[in-house]
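Analysis of the macromolecular model
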Amino acid sequence: MASNVIGGFWSVKITSLAQDVTVNDLAQTFNIPPSRIRIPRVQQYTTYYAFINDFTNEQVAREFAYQWSGSSVFGKRIKCDALPPKDNDFPDVLPDLTTLDLSTKPELLKKPITSEEKTYYEECKQYYRLTAMPVVSISDEILNSNTKLESVFFKFVIDEDYNKFNMENFLSEISNLLNIDRNDIDIKTIQTGSVILELEFMKKFNCANKIIKMKAIYHAITDKLREEMGKFKILLMFMGDLVSFTKMQKFRSEIKLHPQWNRAYGMGHTHWTGTLNDGRDRGPHPYYCPIGWKRYALYVTDIYDDKFKGWSFCYHGTKFSFGLSILLSGLKPATAIAHGAGIYASPSIIYSAHPRYSEIKEIAASEQTGFFQGGKYVQFMLQCRVHPSNIKVIGRETLGVGNAIIDSNVNNSIIEWVIDRKGKSVVDFNDTDAAIICTGIMIRVTDKHPGLLPQSQWWFTSHLCKSENCCALGIDLNTLKTQKANGEQCNLIFN
């Protein structure tokens with residue numbers, strides 16, 4: 001018999017409802033008896049919610065949730081989540097965790113952070129200040145279908161005063177953003193300073209279901225979602241097992257700049273023509289001068305020449321906001337896979353500099369007299385080393401250039417490489433055992449748009465569009481074409 005008290009059957013929780021909706025309104029909308037609907041008298045969350053009870057089994061509840069989630073009900077787009085019987089017994093009003101005495105709760109510990117964590121969180125904070133978005137990272141064990149994990153966690157670092165932080169509001173909002181049920185989250189530890197939360201996810205579910213759900217969350221994260229998370233001052237969101245997180249900290253703590261090998265490449269700076277022949281073994285693929293770029297070298301190992309004997313240079317272009325994120329959280333394989341699955345790179349920095357691969361960012365006026373003195377546009381790229389045995393495909397360009405010459409040193413037919421990811425779903429550029437290792441950050445600064453440079457003229461015979469999601473030009477395409485037609489010149493800035 002139906003009842004308006006949650007019982008032993010499956011239920012569906014509906015969130016993001018209009019605040020004036022009634023039981024009868026929902027009964028008419030869903031064509032079910034009012035007795036199956038419960039709207040809590042006291043709403044704990046910032047979003048208005050209700051429950052539909054007495055689904056006979058899991059399949060029926062999930063089918064209902066799938067059918068209605070995302071639908072517009074009385075002007076609001078709702079979200080529906082199926083709840084198993086054992087998760088349905090909870091009060092209308094959840095305790096406000098900000099009022100709990102942490103000293104008496106073993107699961108809520110004022111746990112000090114390690115020096116490695118502190119350094120990493122500071123880097124994440126710098127990234128947040130540049131982009132207003134968090135670093136999002138996931139352990140490879142989650143994305144590996146063969147892994148069995150007893151528990152999976154979210155780890156959040158939030159730039160908030162611990163004493164003023166409203167825990168339950170945060171958990172409610174993040175649950176809505178990630179489309180997960182608040183009741184699938186168990187708080188494990190809180191670290192103070194900035195607020196650092198460890199949340200066990202789907203504790204009552206089996207390993208396979210946990211991993212499937214965590215994968216779905218990760219793959220659903222877009223720039224827009226990261227922007228929304230940034231509004232809650234989230235600096236970092238890690239997903240996975242905490243052992244992997246600890247290992248990740250070890251890698252991060254060993255990342256250092258190596259100023260001895262910083263270089264500016266061009267006439268009057270470090271420069272050579274053709275293949276660099278300095279006696280070092282860089283494998284079968286020549287290393288050409290990356291003219292117009294500055295390299296900020298990363299310290300990788302004390303025995304650099306021995307480690308990278310036979311390893312070739314290549315470049316990976318990226319969005320300005322993604323550059324530090326890649327170094328902090330790893331690189332996902334390409335989603336556009338013209339030459340097959342893997343990490344895409346090129347032996348040509350000229351090819352990698354196309355705005356399809358390397359975002360062009362207009363420098364804010366306040367920065368034009370600072371770090372980017374004299375510059376108006378900047379591009380960011382990663383310089384990497386890869387062993388030839390890890391290059392599984394050497395293919396032609398995929399930008400529709402036709403007969404135009406992209407790079408006089410590298411033929412169009414061999415200008416794209418696909419790097420074997422060795423079974424990893426996220427490649428950690430800082431792991432010295434990885435298939436591809438980042439050894440430097442490349443930056444190009446110009447006084448006008450880099451599309452006006454001589455080495456960029458091939459862009460105009462290639463795919464070049466107005467969509468920022470495809471070609472991140474940093475300028476209106478018609479404006480750029482007008483500047484080109486007027487013969488405007490662009491200069492490289494090495495300050």
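Quick caveat, the model's predicted, so the values are computed rather than measured. (Residues numbered from 1 in each chain as written. Predicted model: local features only at pLDDT ≥ 70, side-chain atom pairs only at ≥ 80, totals over all residues. Heavy atoms only, no water.)

Let's talk about helix α7 (residues 223-230)
- All of the buried residues in α7 are L225, R226, M229 and G230. The arc that holds the buried residues of α7, viewed along the axis, is 150°, so those residues lie on one side. (Buried < 20%, exposed > 50% of the residue type's maximum accessible area, 1.4 Å probe, protein only. Helix = DSSP H or I, 4+ residues; strand = E, 2+ residues; numbered from the N terminus. Arc of directions from axis to C-beta.)

Points about the nonpolar core
- If you look at the biggest cluster of nonpolar residues, it comprises 34 residues, and the most contacted ones within it are F154, F156, L197 and M239.
- Listing elements by their share of this core, those giving two or more residues are β7 (135-138), β8 (152-158), α5 (167-178), β9 (185-191), β10 (195-201), α6 (207-219), α7 and β11 (234-240).
- Examining the composition of this core, we find that five residues originate from one element, α5, more than from any other.
- When near neighbours in sequence (up to four residues on either side) are disregarded, L197 contacts F154, K155, F156, I158, F165, M167, F170, L171, T189 and I190. (Core = buried A, V, L, I, M, F, W, Y, C linked by side-chain atoms within 4.5 Å. Contact = heavy atoms within 4.5 Å.)

Section: the sheet that holds strand β1 (residues 10-17)
- Across the sheet, which stays open at both edges, the four strands sit in the order β2-β3-β1-β6 with antiparallel pairing between neighbours. The sheet is open, and its two borders are formed by β2 (37-38) and β6 (79-83), each paired with just one other strand. (Pairing = 2+ DSSP bridges.)

Remarks on the packing of α5 against α7
- Interaxial distance between α5 and α7 falls to 11 Å at its minimum, and their mutual angle equals 175°. Taken together, the axes of α5 and α7 lie roughly antiparallel to each other. Where α5 abuts α7, its residues I174, L177 and L178 lie against L225, E228 and M229.
- In terms of residue class, the contact of α5 with α7 is built from five nonpolar, no polar and one charged. (Axes fitted to C-alpha atoms, helices over the stretch in contact; angles between N-to-C directions. Parallel < 35°, antiparallel > 145°, perpendicular 65-115°, else oblique. Nonpolar A, V, L, I, M, F, W, Y, C, P; charged D, E, K, R; others polar.)

Quick look at the sheet that holds β11
- Within the open sheet, the five strands sit side by side as β7-β11-β8-β10-β9. Their pairing is mixed. The strands lining the two open edges of the sheet, one partner per strand, are β7 and β9. This sheet shows a mean twist of 15° between the axes of neighbouring strands, independent of strand direction.
- Here four bridges tie β7 to β11, and the two strands are oriented parallel to one another. Residue pairing in the sheet places V135 in a bridge with L236 of β11.
- Packing of α6 onto the sheet brings it into contact with β7, β8, β10 and β11, and relative to β8 it is tilted by some 35°.

What to know about the pattern of salt bridges
- One pass over the structure, following the stated rule, counts ten salt bridges.
- D278 serves as the salt-bridge partner of R282, at 2.8 Å between the closest nitrogen and oxygen.
- Between D305 and R280 there is a salt bridge, with its nearest N and O atoms 3.3 Å apart. Here R280 lies in the loop between β13 (263-264) and β14 (294-299) and D305 lies in helix α9 (residues 304-307), a separation of 25 residues in the sequence.
- The network of salt bridges with common partners includes D278, R280, R282 and D305. (Salt bridge = Lys/Arg side-chain N within 4 Å of Asp/Glu carboxyl O.)

Things to note about the side chain of Q379
- Turning to its location among the elements, Q379 is positioned in strand β18 (residues 377-386).
- Judged by relative accessible area, Q379 falls into the buried class, the value being 1%.
- Within the local environment of Q379, its side chain forms a polar contact with the backbone oxygen of A353, the two atoms lying 2.8 Å apart.
- Only 2.6 Å separates the side chain of Q379 from the side chain of R444, close enough to count as a polar contact.
- In this view, Q379 contacts W293, A353, S358, E359, I360, M442, I443, R444 and P450; residues no more than four positions away in its chain are not counted. (Polar contact = N/O pair within 3.5 Å; in protein donor to acceptor, adjacent residues only side chain to side chain.)

Things to note about the confidence of the model for the protein
- In this model, the protein carries an average pLDDT of 78, and 77% of its residues clear a pLDDT of 70 or more.
- Considering each helix and strand of the protein separately, the mean pLDDT is smallest for helix α10 (residues 320-329), with a value of 52, and largest for helix α11 (residues 349-352), with 97.
- Long-range and interchain partners of residues 1-8, a stretch whose pLDDT sits below 50, account for 21 contacts in this model, where long-range means more than four residues apart. (pLDDT = per-residue confidence, 0-100.)

Remarks on the pairing of β1
- With seven of its eight residues buried, β1 lies for the most part within the structure.
- In the sheet, β1 pairs with strand β3 (residues 48-55) via five bridges, with the strands oriented antiparallel. Considered in β3, the bridge of L17 is made with Y48.
- Pairing of β1 with β6 involves five bridges; the strand directions are antiparallel. Within β6, the position partnered with V12 by the bridge is A82.

A short note on the packing of aromatic side chains
- Evaluated as defined, the whole model comprises 14 aromatic pairs.
- The interplanar angle of 85° and the centroid separation of 5.8 Å between the aromatic rings of Y49 and F51 together place this pair among those described as edge-to-face.
- Classification of F51 as buried rests on a relative accessible area of 0%.
- Between F308 and W311, the ring centres sit 5.3 Å apart and the planes meet at 80°, which makes this aromatic pair edge-to-face.
- On the accessibility criterion, W311 (9% relative accessible area) is buried.
- Ring pairs connect the aromatic residues F30, F55, F64 and W68, which therefore count as one cluster. (Phe/Tyr/Trp six-rings, centres within 6.5 Å; stacked < 30°, edge-to-face > 60°.)

A word on helix α12 (residues 477-485)
- If you check which residues of α12 are buried, you get L477, L480 and Q483. Along α12, the residues classed as buried sweep out an arc of 120° about the axis, all on the same side.
- Its side-chain oxygen at 3.1 Å from the backbone nitrogen of N478, D476 defines the N-terminal cap of α12.

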